[in-house]
Amino acid sequence: MSDEVSAQPVNAEEQLDSLASDPSISTTENIKSSVTTNGINDDATTQEHISTTETMETEVALGDSVQPVNESEASNGAGEDVSSSTKTGEEAETVAAEEDAESSGKPKRSAEVERLWALVDKNRQDFASWTQLIMVVEKEGVLEGLKEVYDEFLLYYPFCYGYWKKLADFVASNQGNEAAYQVYEEAVVAVGLSIDVWAAFLELYIATEKPSEEIRALFERAINTCGLEFKSDRIWDMYIDWEVKNNQLLNITQIYRRLLAIPTKNYTIHYENAKEHVEKHELWEILSPEDMKALRVRANASLTSNTEGEGEEEDKDAPPGTAGDEVTTTAVDTTAEDDVDSDPQTMSEVVKKAAKDLLLADFELLATHNEKEVKLRWAFEEAIKRPYFHSKPLDSTQLKNWRRYLEFEMANGGEDRAIFLFERCVIACAQYEEFWLKYTTYLESLSRHTDVRNVYTRACRQHLPYKASIHITWAFYEERQGNFDEALAVISNIEMQTTDNMCVLNHKLNLLRRHGDDLNDLFTSYIDKKELNADCVKLLTSKYSRYLLKIKGDADKAGEVLKDAITKNPLHEPFYTQLLDVEYQRQPLDEDKVLAVFELVNASSLSSEIKQKFYSRRYEFIDDLGSDVTRLYSLYQELEENMSAASKDKKRAHSATPSDKTVDAKKAKTSMYTNNGTAAAGAYSSQSYHQQQQAANYGSSGQDWNSYYQQQGMDYSQYGAYGQQGYYQQGYGGYTGYDYNTGYY
């Protein structure tokens, strides 16, 4: 078998990755258990820089960067921060902190610890403050205080496997090994893909001389959880070495059978070791009686087949019953089934050799197939420079590699390997919602709904607690599954985290509406909410009026809501336009109420340019739907006068001197943006009426819903064409025959 792949050079980055590897998960059952309990240049100079950077990142992932190596480092590092806070009045602060701690039953805290706790309480995603807090608490050496910090920190950053190891070591030195076992049990649930955590757990088990059955069971748990990891060789080697020390040759054979079928980095070494294991031991020492019998049957059949073939060749030259035929017959250890069931040590040398060759051929077949699988994945694995969690963002090259690797495994690797790789991916990419969403989409395609929900829980509760879009997607999922209460709980949770996110408020309102709830009280509470910014309030007011008109069928109240909003925002043109549309929607049409809206516009402080647009619409309305020709003719004359005045203004602007043009341009610019940032076009320009409607009905300050959502960090266009021409025509009936280019019917 070729050593081509394994012979590739290993660079410094790869060595660092192997030291700081945060491996993957394994079987479906272990994934499910882990998820449920949680209910993320070649030149020398450049290479040196990369290696240094990776080393620093590895230290953070391991937790080593928060512990000074010596006293001088402590004094030059975080120790200065601690000492700088030791100023006048610290004693009083310390006393107060101790009194609070005593009254609450929590461990006593120093003033510096209190200060750092205040920082992380304010922002749980402040990774730097967390590490500084851990460093200070570790320096103080108080077990209760350390456990308090670690319990909270690891709740938000469970993938930081180095901190789990540090906590276990600290607990073991203060409370004993049994307490450390419990820490590791929590660790392998939180970050079960970490080779380092499992290795430390196993080393502790072995060092404390646990019974062999318990140690073997723990090894099996480790293999079943992270054994599919490409760099899981360390765990497999530990398992084999431990069985060798215990002289359990049969178990070693079974381990090699499993290992040779898994693509790992050191696959060629494992194959060579497996061959050596077979060659240096007798078959009955390394195989179970059942396997020994099956192999002996295969060996006898193989020898018999070979002998018959040789006999046919010999028949051409020698008569039957010659010495050659007798030798061939006696060389084969096969007569009846009893011979196969007899003591394996009575086998002839020929049969033993044939049997061992068959076993080696089996191993070679596994290794050959495995080599192909390794080659398919080698480039992907080499491109993973940071397989562990880190608060720093990944570069685009690594993100692209993860995307391509996931697509490959989903298409070629099978269900278990794809899920396993997803679990590896969400460790390194825990702060990228695209990978969590890709994971849930894949699981949903497999109809594994329990796992889908568990992945959403981990993503939203631990790693992305402030990301609105993934919460909204989760709520959509629960609603599609018929779980209204769960969907409402999900969206309400993110609402508490992001009080003024319009995407969240909009989704909650629509969720409740689809459920059949009355939204009047919720709309009014949102609109009156002081924490919401002005844009959110305007959007909600527009949405509330639309809800009253279209869902409740209450045009009067819909108009009242808009009139009240106009009194508070008299320069907000979209409210006037939407109010006009409310009156257009009345059945039967009330001409006086429509004209009353135009009078409201005329009496407002809106700019002349905006009013001109409404004057045009007023004439069009009377012309198309009015009953009084006298009023129509009067409006026609007024419209002609306005058009003539506008034409003269335009000519005057063209004939003005350059300096005058500059002044006029400044005036025009000021006029265009006097109304809350809404740009007003000329009364008879080519601006489409739909553009006015879009801003009026679904946006504020010239924004539509989709653009506002994009500012919120989410493209919401997939959930409905809010503010688009098609929706307007469906929702309000449109204006038949209206030319959106000229502004006329």
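Computed from a predicted model, the values in this text were never measured in an experiment.

With that settled, consider the overall build of the protein chain. Across its full length, the protein chain carries 39 helices and zero strands. The buried share among the 745 residues of the protein chain stands at 48%. As displayed, the protein chain offers around 35,500 Å² of accessible surface, 50% of which is attributable to carbon and sulfur atoms.

Here the focus is helix 21 (residues 349-383). Spacing of three or four residues puts side chains on the same side of an α-helix, whose turn is 3.6 residues. For helix 21, spanning 35 residues, the distance from its first C-alpha to its last is 50 Å, which sits close to the expected 51 Å at 1.5 Å a residue. Along its length, helix 21 reaches its greatest deviation from straightness, about 45°, at Arg377.

This part covers the confidence of the model for the protein chain. Here the protein chain averages 76 in pLDDT, while 67% of its residues score no lower than 70. This model gives residues 1-98 a pLDDT under 50, and the stretch forms 187 contacts once residues within four places in sequence are excluded. The low-confidence segment residues 321-338, where pLDDT is below 50, has 18 contacts with residues more than four positions distant or belonging to other chains.

Further remarks concern the side chain of Glu138. Within the element layout of this structure, Glu138 appears in helix 8 (residues 127-140). Here the side chain of Glu138 touches Lys166 through a polar contact of 3.2 Å, side chain to side chain.

This part is about the pattern of salt bridges. Under the definition given, this model contains 40 salt bridges. Two residues, Glu495 and Lys508, come together in a salt bridge whose shortest N-O distance is 2.8 Å. Linking Glu495 in helix 27 (residues 484-497) with Lys508 in helix 28 (residues 502-515), this pair joins segments that are 13 residues apart in sequence. The same class applies to Glu495 as to Lys508, namely buried.

Moving on, we get to the packing of helix 28 against helix 29 (residues 520-527). The interhelical angle for the contact between helix 28 and helix 29, taken along N-to-C directions, is 165°, at an axis separation of 11 Å. When the axes of helix 28 and helix 29 are compared, the pair comes out roughly antiparallel. Relative to helix 29, the crossing made by helix 28 is left-handed. Between helix 28 and helix 29, the contacting residues are Leu505, Lys508, Leu509 and Leu512 on the first element and Leu522, Phe523 and Tyr526 on the second.

The next thing to look at is the packing of helix 12 (residues 195-207) against helix 14 (residues 233-245). Their axes nearest at 10 Å, the elements helix 12 and helix 14 cross at an angle of 20°. It follows from the interaxial angle that helix 12 and helix 14 lie roughly parallel. Judged by the twist between their axes, the crossing of helix 12 over helix 14 is left-handed. Where helix 12 abuts helix 14, its residues Ile195, Asp196, Trp198, Ala199, Leu202, Glu203 and Ile206 lie against Arg234, Ile235, Met238 and Trp242. Taken together, the residues that form the contact of helix 12 with helix 14 break down as eight nonpolar, no polar and three charged.

A few words now on the nonpolar core. Among the nonpolar cores identified, the biggest contains 89 residues, and Leu133, Phe153 and Ile235 are the most heavily contacted of them. Per-element tally for this core: the top contributor is helix 12, with nine residues. Every residue in contact with Ile235, bar those within four places of it in the chain, is listed here: Ile195, Trp198, Ala199, Leu202, Phe219, Ala222, Ile223 and Cys226.

The next subject is the packing of aromatic side chains. The final tally for this structure, using the stated rule, is 25 aromatic pairs. Ring centres of Tyr181 and Tyr205 lie 5.1 Å apart, and the angle between their planes is 65°; this geometry places the pair in the edge-to-face category. On the criterion of sequence distance, the pair formed by Tyr181 in helix 11 (residues 177-190) and Tyr205 in helix 12 is long-range, its members being 24 residues apart. Neither Tyr181 nor Tyr205 differs from the other in exposure class; each is buried. Ring geometry for Trp198 versus Phe201: centroids 6.3 Å apart, planes at 25°, classification stacked. Here the residue Trp198 and the residue Phe201 both occupy positions in helix 12, the gap between them amounting to three residues, near one helical turn. Its relative accessible area of 1% is what places Trp198 among the buried residues.

For Arg386, the location among the structural elements is in the loop between helix 21 and helix 22 (396-412). Residue classification places Arg386 among the buried positions, given a relative accessible area of 2%. Within polar-contact distance, the side chain of Arg386 engages the backbone oxygen of Lys392 at 2.7 Å.

Let's shift gears to the environment of Val582. Examined against the element boundaries, Val582 turns out to sit in helix 32 (residues 573-584). Taking the C-alpha atoms as reference points, Val582 and Ala558, separated by 24 residues in sequence, lie 7.3 Å from one another. Among residues more than four places away in sequence, those in contact with Val582 are Ser545, Leu549, Ala555, Ala558, Gly559 and Leu562.

The residue after Gln587, namely Pro588, is reached through a cis peptide bond having omega 0°. Along the chain, the position of Pro588 falls in the loop between helix 32 and helix 33 (591-602). Even without being glycine, Asn247 reaches a positive phi, approximately 60°. You can call Asn247 exposed: its relative accessible area is 56%. Even without being glycine, Ser447 reaches a positive phi, approximately 60°. Relative to the assigned elements, Ser447 resides in the loop between helix 24 (433-445) and helix 25 (449-463). With a relative accessible area of 53%, Ser447 lands in the exposed category.

Attention now moves to the environment of Asn493. Note that Asn493 resides in helix 27. With 28 residues separating them in the primary sequence, Asn493 and Pro465 have C-alpha atoms 9.0 Å apart. Apart from residues lying up to four places away in sequence, Asn493 is in contact with Arg461 and His471.

Rules of the game
- Residues numbered from 1 in each chain as written.
- Predicted model: local features only at pLDDT ≥ 70, side-chain atom pairs only at ≥ 80, totals over all residues.
- Heavy atoms only, no water.
- Helix = DSSP H or I, 4+ residues; strand = E, 2+ residues; numbered from the N terminus.
- Buried < 20%, exposed > 50% of the residue type's maximum accessible area, 1.4 Å probe, protein only.
- Areas by Shrake-Rupley, 256 points an atom, 1.4 Å probe, with all protein chains shown as cover.
- Expected span 1.5 Å × (residues − 1).
- Bend = angle between axes of the 7 residues up to and from the residue.
- pLDDT = per-residue confidence, 0-100.
- Contact = heavy atoms within 4.5 Å.
- Polar contact = N/O pair within 3.5 Å; in protein donor to acceptor, adjacent residues only side chain to side chain.
- Salt bridge = Lys/Arg side-chain N within 4 Å of Asp/Glu carboxyl O.
- Axes fitted to C-alpha atoms, helices over the stretch in contact; angles between N-to-C directions.
- Parallel < 35°, antiparallel > 145°, perpendicular 65-115°, else oblique.
- Left-handed = near helix turned anticlockwise from the far one by under 90°.
- Nonpolar A, V, L, I, M, F, W, Y, C, P; charged D, E, K, R; others polar.
- Core = buried A, V, L, I, M, F, W, Y, C linked by side-chain atoms within 4.5 Å.
- Phe/Tyr/Trp six-rings, centres within 6.5 Å; stacked < 30°, edge-to-face > 60°.

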